[in-house]
Amino acid sequence: MHRFLRSVWNEPRPPHPPARVWRDWALVGVIVPVAVLEGVLRPDLPWRVPSVVLTVALVPTLLWRRTRPLAMLVVVFAVTSLAPLLMGGDAVETYTMAYILVLVYALFRWGSGREAVIGLTIMLVSVPVSILLGRTAPADMIGAFTFIFAVVAVAGTFRYRAGARMRELDQVKLLEREQLARDLHDTVAHHVSAMAIRAQAGLATAASQPDAAADALRVIEAEASRALAEMRAMVRVLRLNEPAERAPGRTVTDLRQLAGRPLTGPSVDVEIAGDLGDLSPSVEAAVYRIAQEAVTNARRHARHATRVEVRVDADDTSVRLRVSDDGDGGSGRPAASPGYGLIGMAERADLLGGTCHAGPGPGRGWTVTAVLPRAGAAA
């Protein structure tokens, strides 16, 4: 039990709480006129003007409920507890003050463990104190505790689900980093083997063919530069916990394996054009992975699709990928809440200094477009 309480107390805040968004301003914009309307229409509201003013004055605390959840809750409870001293002992009894439950939810959803414990203590103490001072009927205490614990349970549920998703992402990244380490070994081993062979050839011909030895040295220099570039890029990925799909292994020519008509689902047509020589292995792997993920999504989600087109083109500076299908529009596709696949595609392209976008096509179906620099600028 002691260990559990210590873990709750030491629980950190969830990372990256959302900042104020338009929904927060809309909530404030709705609550304020509702509070004023309640003051006008409720004939039984004691201290009508002070109650409405106090209710409206505390509404802005909703705007900071995620970044400062405990402070906003303390402000509201402190003001509402001290207000009766100026209102003849009557508490603020506007129905609109129910928005305090939003602050309670925010505390247990976005606050740290110690903030949640302190806030819960304040709430549990304030209710009995209010009963002792005659501001709340004893029968109302049951209802108050019921609402508080219901909101706490909902907030805890959403917090647990968000934490579970983060743990899943961390596990996926860990597995990808292990794969990246294996790919790093294979890539560096390939370049080092090429350098060793060239060095041996240069030594064998150095006496009789000096020009051949010089050519071998130039090849060794190029191979060493590529090996260092790949190693630095991959080490950077490992240090930054970036996704490992950009690791080498697959090439653009492997895209032809996606072509054909499977037993179920749309057929896949692959077209590769332009100069694709001397592409960075990381760029080639990224093009393949993005195309593979886009084709997989089309087969899973494109309703009534009969064909998926994969087009790859390259010029002197960049490689362009376009994957489109002829399904029935994009309304059923996961654009608003992207899964790991769509997120991974965008991160992969961004890591290489490129871009990746997915959305409904100009006519019908779904289109994924990606533009990547030939050498992987971000590496």
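Positions within a chain are numbered from 1, following the residues in the order the chain's sequence is written. Residue-level local features of this predicted model are given only where pLDDT is at least 70; pairs of side-chain atoms are given and counted only at 80 or more, and the full residue set underlies all totals for whole chains, interfaces and linings. Only heavy atoms go into the side-chain values, all of them from the structure, while hydrogens and water stay out.

**Side note on the overall build of the protein chain**
Put simply, DSSP H or I for four residues or longer makes a helix, DSSP E for two residues or longer makes a strand, and each gets a number counted from the N terminus. Across its full length, the protein chain carries 10 helices and five strands. The contact criterion used throughout is that any non-hydrogen atoms of two residues lie within 4.5 Å. Pairs at least 24 residues apart make up 72% of the contacts formed inside the protein chain by residues separated by at least 6 positions. Computed with the Shrake-Rupley method and a 1.4 Å probe, the accessible areas treat only the protein chains shown as cover for residues. Per element, the accessible surface of the protein chain, about 21200 Å² overall, is 62% carbon and sulfur.

**A short note on the pattern of salt bridges**
Put simply, a salt bridge is a Lys or Arg side-chain nitrogen that is within 4 Å of an Asp or Glu carboxyl oxygen. Inspection of every chain in the model, using the stated rule, returns 13 salt bridges. Two residues, Arg13 and Glu115, come together in a salt bridge whose shortest N-O distance is 2.6 Å. Within this pair, whereas Arg13 is found in the loop between helix 1 (2-9) and helix 2 (22-41), its partner Glu115 is found in helix 6 (residues 113-132), the two being separated by 102 residues in sequence. A relative accessible area of 34% places Arg13 in the partly exposed class. In this structure, Asp269 and Arg307 form a salt bridge, with 3.0 Å as the shortest nitrogen-oxygen distance. Here the residue Asp269 occupies a position in strand 1 (residues 267-272), and Arg307 occupies one in strand 2 (residues 307-314), the gap between them amounting to 38 residues. Each residue's exposure class comes from its accessible area (1.4 Å probe, protein chains only) as a fraction of the maximum for that residue type: buried when under 20%, exposed when over 50%, partly exposed otherwise.

**Considering the confidence of the model for the protein chain**
Overall, the prediction assigns the protein chain a mean pLDDT of 80, with 82% of residues at 70 or greater. How sure the predictor is of each residue is captured by pLDDT, a score from 0 to 100. Considering only residues more than four positions removed or in separate chains, one finds that residues 334-338, a stretch of pLDDT under 50, has five contacts.

**Some remarks on helix 6**
Each residue after the first adds 1.5 Å to the expected span of a helix. The terminal C-alpha atoms of helix 6, which comprises 20 residues, lie 29 Å apart, in line with the 28 Å expected from a rise of 1.5 Å per residue. For helix 6, every residue scored as buried is listed here: Gly113, Glu115, Ala116, Gly119, Met123, Ser126, Val127, Ser130 and Ile131. Buried positions in helix 6, seen along its axis, are confined to an arc of 160° and lie on one side of it. Looking at the residues trailing helix 6, positive phi occurs at Gly134, about 80°. For this quantity, the arc is that covered by the directions from the helix axis to the C-beta atoms.

**Observations regarding the sheet that holds strand 4 (residues 355-360)**
Paired strands, as defined in this entry, are two strands with at least two bridges between them according to DSSP. Spatially, the five strands line up as an open sheet ordered 1-2-3-5-4, and their pairing is mixed. Every other strand in the sheet has two partners, leaving strand 1 and strand 4 as the edge strands with one partner each. With strand direction ignored, the average angle separating the axes of adjacent strands in the sheet is 10°. In the sheet, strand 1 pairs with strand 2 via six bridges, with the strands oriented parallel. Each bridged residue has a counterpart across the sheet, and for Val270 the counterpart in strand 2 is Val310. Axis lines are fitted through C-alpha atoms, for helices just across the contact stretch, and the angle between N-to-C directions can take any value from 0 to 180 degrees. Here helix 9 (residues 281-301) sits on the sheet and contacts strand 1, strand 2, strand 3 (318-325), strand 4 and strand 5 (366-373); the angle it forms with strand 3, its principal contact strand, is near 10°.

**Topic: the pairing of strand 3**
As a general feature of sheets, a regular strand has side chains that alternate between the two faces. Buried residues dominate strand 3, accounting for six of its eight residues. In the sheet, strand 2 pairs with strand 3 via seven bridges, with the strands oriented antiparallel. The residue of strand 3 that forms the bridge with Val312 is Leu321. Counted between consecutive antiparallel strands, the loop separating strand 2 from strand 3 contains three residues. Sheet topology places strand 3 next to strand 5; seven bridges connect them, and they run antiparallel. Note on strand 5: the bridge partner recorded for Arg320 is Val371.

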